[in-house]
Amino acid sequence: MSDLVNMRVLSQGAVSDHETVKKRIKFMDGFDRIYDLHKILQSRKTAIPLKDILAEMECSRATFNRIKRHMSDFLGAPIEYSRERGGYLYGDGHYELPGTWFNQQELHAMVVMHALLENTGNGLLTEQLAPIKARFEQLLKASSVNAAALSEKIVVVNAITRPVKHRFFVKLASALFNETTLAIEYLGRIDGNVSKRVISPLRLVLYRGNWYLDCWCHWRSALRTFALENIQWCSQADAPFHAVNASTLDQHVKPTYGIYAGQANERAVLKFTAASAAQVMAEQWHPEQHIEKSDDGSLCLSLPYDAALPTELVADILSYGAQVEVVAPQSLRAHVVQALRATLARYQ
């Protein structure tokens, strides 16, 4: 039995002892070579010269010939050489490898996904995701990847999060995908009052570790964004669903700063010290931000925001402490000064 036949049998879980695991590991490079050649030929509508194949696979001609022979003899791959076209191609123009194939980099990416599935969401949808997670682990195991061991190399540290009620999240997600309306009771973040709304869920947003819902509010006849943890109750409603296209929704949520952003009516100008410049350069505060670096290493960051909703921007400014100064507008500077004075008063 050839190496490739061994690989196929092992990948299908025909044998599961310790020697099998060793053989799987030994043949992983063969898997990658087959997969690489398949992806090269599959992505081309025209013939590809041998020298280009060898360059992309980073292998010798002998290795290429061996992999091509294995694919043709045992996997039925219609690999042909066309003298007229000057290269190799799939004879019938299309071919798929049997079963499910992943190269090593994709398997490693799956391990990262496994870790995120294990750690993201604070247990949200754990019950619904359990069967998917089990299949995912079986797929990794069949490829000789110890997901548990490799996951120890990945640590997911969640920021400060606000818990969402599981039963509400499931209803919201179902209404979102089925495009049905919901009646909700919502606790206002600022006034603390509970209001009753009928909404058409349009988009779930995971922002800085917390969940939000972009939706059409039938009460206000306008787009709104709600924090999921503030939804106190929800149930299916009879109102017709109000659809909003993605571009209109983007225009609503992206013009200014923060998840509760309204229409941009001011532009903040922040001056950062040279010590913090590198960090700020690596961050995106807003898609329409503008950065200017000075000769002394400091930099100015300008970005749009809603002057009526400066709370989140003020909090991010305060997180930089003495490394940042609000240059403009004066109203934003006053908000930051007020927050700093209130903080200092706590320690006096």
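Residues numbered from 1 in each chain as written. Predicted model: local features only at pLDDT ≥ 70, side-chain atom pairs only at ≥ 80, totals over all residues. Heavy atoms only, no water.

Draft legend 1. Layout of the pairing of strand E10 (residues 299–305). The buried fraction of E10 is high, at 6 of 7 residues. Relative to E10, strand E8 (residues 266–272) runs antiparallel, the two sharing 7 bridges. When the sheet's bridge partners are listed, Val269 is paired in E10 with Ser302. Here strand E9 (residues 290–293) pairs with E10 via 4 bridges, running antiparallel. In the strand pairing of E10, Glu292 is matched with Cys300. Turn length for the E9-E10 hairpin, with the two strands adjacent in sequence and antiparallel, is 5 residues, and the turn residue Gly297 shows positive phi of about 95°. (Buried < 20%, exposed > 50% of the residue type's maximum accessible area, 1.4 Å probe, protein only. Helix = DSSP H or I, 4+ residues; strand = E, 2+ residues; numbered from the N terminus. Pairing = 2+ DSSP bridges.)

Draft legend 2. Representation of the confidence of the model for the protein chain in the model. When the pLDDT values of the protein chain are averaged, the result is 81; 80% of them are 70 or greater. Across residues 1–18 the pLDDT falls below 50, and counting only partners more than four positions away or on other chains, this stretch makes 29 contacts in the model. The model gives residues 20–28 a pLDDT under 50, and that stretch makes 17 contacts with residues more than four places away or in other chains. (pLDDT = per-residue confidence, 0-100. Contact = heavy atoms within 4.5 Å.)

Draft legend 3. Here's a closer look at the pattern of salt bridges. Using the criterion set out here, one finds 3 salt bridges in the structure. Across the pair Lys51 and Asp52 runs a salt bridge whose closest N-O atoms are separated by 3.2 Å. By relative accessible area, Lys51 is classed as exposed at 60%. Across the pair Glu325 and Arg333 runs a salt bridge, and its minimum N-O distance is 3.1 Å. Relative accessible area serves as the criterion here: at 29%, Arg333 is assigned to the partly exposed category. (Salt bridge = Lys/Arg side-chain N within 4 Å of Asp/Glu carboxyl O.)

Draft legend 4. How the structure looks around the sheet that holds strand E6 (residues 222–227). Taken together, 5 strands build an open sheet; the order of strands is E6-E5-E4-E3-E7 and the sheet is antiparallel. A single partner strand is all that each edge strand has here, and the edge strands are E6 and strand E7 (231–236). Going across the sheet, the axis of each strand differs from the next one's by a mean of 45°, ignoring polarity. In this structure, strand E3 (residues 182–187) lies alongside strand E4 (residues 194–207), joined through 6 bridges in antiparallel fashion. Pairing of Leu182 across the sheet is with Ile199, part of E4. (Axes fitted to C-alpha atoms, helices over the stretch in contact; angles between N-to-C directions.)

Draft legend 5. Inspection of the nonpolar core at higher detail. Leu37, Ile53, Phe64, Met71 and Ile79 are the most contacted members of the largest nonpolar core, which totals 20 residues. For this core, the secondary-structure elements that each account for two or more residues are helix H2 (18–42), helix H3 (50–57), helix H4 (61–75) and strand E2 (87–90). (Core = buried A, V, L, I, M, F, W, Y, C linked by side-chain atoms within 4.5 Å.)

Draft legend 6. Quick look at the packing of aromatic side chains. Taken as a whole, this structure holds 9 aromatic pairs when the rule is applied. Both rings, one in Tyr207 and one in Tyr212, keep their centres 6.1 Å apart while their planes meet at 70°; by these two values the pair is edge-to-face. Note on Tyr212: relative accessible area 5%, which makes it buried. Following the ring pairs from residue to residue traces out a cluster consisting of Phe64, Tyr81 and Tyr88. Above the plane of the ring of Phe168 lies Arg167, whose end atom (NZ or CZ) is 4.6 Å from the centre. Geometry around Trp219 places Arg220 over its ring, the cationic atom sitting 4.5 Å from the centre. (Phe/Tyr/Trp six-rings, centres within 6.5 Å; stacked < 30°, edge-to-face > 60°. Lys NZ or Arg CZ within 6 Å of the ring centre and 35° of its normal.)

Draft legend 7. Quick peek at the sheet that holds E10. Taken in spatial order, the 4 strands make up an open sheet running E9-E10-E8-E11, and their pairing is antiparallel. Two strands lie at the open edges of the sheet, namely E9 and strand E11 (324–328), each paired on one side alone. Strand-to-strand, the axes of this sheet are offset by a mean angle of 25°, without reference to chain direction. Taken strand by strand, helix H12 (residues 330–345) contacts E8, E10 and E11, and its axis lies near 145° from that of E11.

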